[in-house]
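Single-letter residue listing:
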Amino acid sequence: MRAKYKKWLGVSLVSGLLVALLYAWSPGTSSGVEIRPRQESLIKELLKGKIQDPISGNHDIVYHIKEDLACRLAQNTCVCLPDEETFQLPFSNLLFPRVWAHNFELAFLESHPDSKDIKHHRAEEYSNFQKRTYNPADVPIVAEANSPLQYPTQGVEVRPLKTIIIPGLGLKEETRSNHMVYLTASLGTFDVAATVDGVSVKGEGEKHMILSSPVLSTLNRQLQFVTYTNTVFHPKTADIVQFASDGHKSFFVIKVGHGTIPKLYNTGYQRGSCLCVFLFYLEYNISALVTIATKTFLRYDKLKDLIDSIRQYYPTVTIVIADDNEHPQPVTGPHIEHYIMPFGKGWFAGRNLAVSQVTTKYVLWVDDDFFFTANTKLERMVDILEKTTLDLVGGAVREVTGYTATYRHTISVEEGGEEGDCLHIRNGYYHVIEGYPNCVVADAVINFFMGRTDKVQEVGFNPRLARHGHLEFFIDALGSIHIGSCSDIIVNHASKIKLPWSKTDSQKAYEKFRYSSSSADNYIHKEVFYFKNRAFLAFSRLRILSGVRPSNLLISSLKKLRLP
Ligand SMILES: *[C@@H]1O[C@H](CO)[C@@H](O)[C@H](O)[C@H]1NC(C)=O
């Protein structure tokens, strides 16, 4: 009787847990983090800075702050509050995941003997980074009201040290005895490509040029031939040009930079006859377009299952394997590249190595304990990457329990003060992709994804993250990679929930290596957030530093349950 009761209790707890996981990982519920206003006076200060009105004389006019909107403005110092812990039950964190606030300043600097030096060093590095990424074209410029000046507001570009004609210059004003305009630049000089009779031009070949004429129409004719020559080399910057008449001033930007060199892949695949239109994506030659990359450690049995399952569906696709086992075993077969690394080089180092060897247009990342089924349709991933502007698309991973995870997250950075910036990491996505009802756009996806090889290589995987890491790649990729996630492209996760006493020695060794987070490893994670990403706080419903997947959560929860 007691045994029966215990069993029932165990089963109901497990099913409760599954419901909780489904709840916690269900996509689309982007439960926001409150950024609560601190004091009204602070918001007022902030607004004052934001509304520098060039038309003076209205400073006394009263305004009313709309609080719910005002506190959504970037506050420039992140003071965001995590959820308060209201009650504590054994599984309350799973049922009602709290928002975790990780304070990296505390977590990282506390363990550091010379925290002042580190802070200073980070500030210096950040200041250099800002100098390197500064672009004058990003500086806001306001076109003042009622200017008689006509000029291009954007879209003027010159290659370094080359010359262009500035389009769109003109003057519209009442007739007077003399019409005059000035042009001033800092990284280049002005000239005229042709002269017009009756117009006086002073300062040709210089940074400051004056054009004047008693007749407005001849001056406007002359303005059509004004040239700009970039004289200071920089591969990517901008010159802010001042264009002025008596009493009126305007500014516009000339972008200076090399052209973009495209990176195109000659995949050799061609659309066949018009019949292909009816075959949709079946025309893609996956072997020519995709390389499958993985990293293995202590799990050759799983790796073999993965390779066998791939070969069932894609017999000639290339598989790149990065291997940092202490005693590597041969992994052979057609279209397999097996790269042996020094022992224990680690997770992200392996990802980096594997991805660096890919020569096809796309790379598919899989873990070594995944296996393909009929639902693992790589054609669908290729199709969405070929037909949209996405650079990377994640799929779904099906656990042995039947639970399928897509691990969709949005990430945002809130600019902070000296302490650092705030990272917000939330469950959810932005929007459904038109024409692909099962696909959405997000900032981070699961560890089963296909990406444009050059884009994934560009971001890279920080090889210092040895034991675990996943979100770190997507944090580095934020803003430079356009990411999607499709729930109908599914790979299976082979790791069965093994009770502790039925594990093989290699499984135990793997788990010991992977999930025992040494203090050195934790230190690196904190350092990456605090120093490399200059984050001060991170908000998420995940414990960033533990890097656990739902299945691992389940395993550890089951351990605690001690089923009979
Ligand atoms: C697909 O691509 C592979 C590798 O580039 C090539 O060997 C094969 O002939 C191609 N198959 C078809 C049907 O074009």
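Keep in mind it's a predicted model, so treat the numbers as computed, not measured. For every chain, the first residue of the written sequence is number 1, and numbering continues from 1 along that sequence. Only residues with pLDDT of 70 or above have their local features reported here, since the model is predicted, and side-chain atom pairs are shown and tallied only from 80 upward, although totals for entire chains, interfaces and linings are computed over all residues. Excluded from the side-chain calculations are hydrogens and water; all other atoms, namely the structure's heavy atoms, are used.

S.K.: Provide a residue-level description of the overall build of the chain, including the pertinent values.
M.R.: Each helix corresponds to a stretch of at least 4 residues labelled H or I by DSSP, and each strand to a stretch of at least 2 residues labelled E; elements are numbered beginning at the N terminus. Along the chain, the regular secondary structure elements total 16 helices and 26 strands. Taking all 564 residues of the chain together, 45% fall into the buried category. Whether two residues touch is decided by their heavy atoms; if any such pair falls within 4.5 Å, the residues are in contact. In the chain, 73% of the contacts between residues at least 6 apart in sequence involve partners at least 24 apart. As displayed, the chain has an accessible area near 30200 Å², and 56% of this comes from carbon and sulfur atoms. Exposed residues in this analysis have more than 50% of their type's maximum accessible area, buried residues have under 20%, and partly exposed residues fall in between, with area computed by a 1.4 Å probe over protein chains only. Residue exposure ignores everything except the shown protein chains as possible cover, and the areas themselves are Shrake-Rupley values with a 1.4 Å probe.

S.K.: Hey, could you go over the side chain of Ser 245 for me, with residue numbers and the actual values?
M.R.: The residue Ser 245 is located in strand E11 (residues 236–245) in this model. Among residues more than four places away in sequence, those in contact with Ser 245 are Pro 148, Leu 149, Leu 171, Met 180, Val 181 and Tyr 182.

S.K.: Which residues make up the state of the cysteines, and what are the values?
M.R.: Any two cysteine sulfur atoms within 2.5 Å of one another count as a disulfide. This structure, assessed with the given rule, holds one disulfide. In this model, Cys 439 is linked to Cys 486 through a disulfide, with the two sulfur atoms separated by 2.0 Å. The sign of the 110 degrees torsion about the S-S bond sets the Cys 439-Cys 486 disulfide as right-handed. Of the two residues, Cys 439 is situated in strand E23 (residues 436–442) and Cys 486 in strand E25 (residues 483–493); the sequence distance between them amounts to 47 residues. Look at Cys 439 and you get buried, because its relative accessible area is 4%.

S.K.: Can you explain the nonpolar core? Please cite residues and give values.
M.R.: Buried Ala, Val, Leu, Ile, Met, Phe, Trp, Tyr and Cys residues that are joined via side-chain atoms within 4.5 Å together make up what is termed a nonpolar core. Residues Leu 364, Phe 372, Phe 448, Met 450 and Phe 473 are the most contacted members of the largest nonpolar core, which totals 83 residues. Not counting the four nearest positions on each side in its chain, Met 450 is found in contact with Val 290, Tyr 362, Val 363, Leu 364, Leu 378, Met 381, Val 382, Leu 385, Asp 391, Leu 392 and Val 393. Judged by nonpolar contacts, the second largest core, of 28 residues, contains Ile 164, Leu 183, Ala 185 and Phe 190.

S.K.: Help me get a handle on the pairing of E11, residues and values and all.
M.R.: With respect to burial, E11 is a largely interior element, seven of its ten residues being buried. Here a strand pair is declared whenever DSSP counts at least two bridges between the two strands. Sheet analysis places E11 next to strand E12 (residues 248–257), joined by ten bridges and oriented antiparallel. Within E12, the residue paired with Lys 236 across the bridge is Gly 257. Connecting E11 to the antiparallel partner E12 that follows it, the hairpin turn spans two residues, and Gly 247 within it adopts a positive phi of roughly 90 degrees.

S.K.: Describe in detail unusual backbone geometry, supporting the description with residues and values.
M.R.: Within the chain, Tyr 407 stands out as a residue other than glycine whose phi angle is a positive 50 degrees. Within the secondary structure, Tyr 407 is located in the loop between strand E19 (404–405) and strand E20 (409–414). Owing to a relative accessible area of 14%, Tyr 407 belongs among the buried residues under this scheme. The backbone phi angle of Arg 534 is positive, close to 50 degrees, even though this residue is not glycine. Within the secondary structure, Arg 534 sits in the loop between helix H15 (519–532) and strand E26 (535–540).

S.K.: Could you give me a rundown of the environment of Phe 372, with the residues and numbers involved?
M.R.: Among the structural elements, Phe 372 can be located in the loop between strand E17 (370–371) and helix H11 (378–387). Remark: the alpha-carbon pair of Phe 372 and Gln 312, spanning 60 residues in sequence, is separated by 8.4 Å. Residues contacting Phe 372, with those up to four places away along its chain left out, are Ile 292, Leu 306, Ser 309, Ile 310, Tyr 313, Tyr 314, Leu 364, Val 366, Leu 378 and Val 491.

S.K.: Which residues make up the sheet that holds strand E10 (residues 226–230), and what are the values?
M.R.: Pairing is antiparallel in the open sheet, where three strands are placed in the order E4-E10-E7. The open sheet terminates on both sides in strands that have one partner only, identified here as strand E4 (163–165) and strand E7 (188–192). Across the sheet, the mean angle from the axis of one strand to that of its neighbour is 25 degrees, orientation sign disregarded. As defined by bridge partners, E4 adjoins E10 across three bridges and the pair is classed as antiparallel. Of the residues in E10, the one forming a bridge with Ile 165 is Thr 227. Axis geometry follows a simple rule: fit a line to the C-alpha atoms, using only the stretch in contact for helices, then measure angles between N-to-C directions, giving values from 0 to 180 degrees.

It is worth stressing that arrangement in space is one thing and function is another; only the former is reported here.
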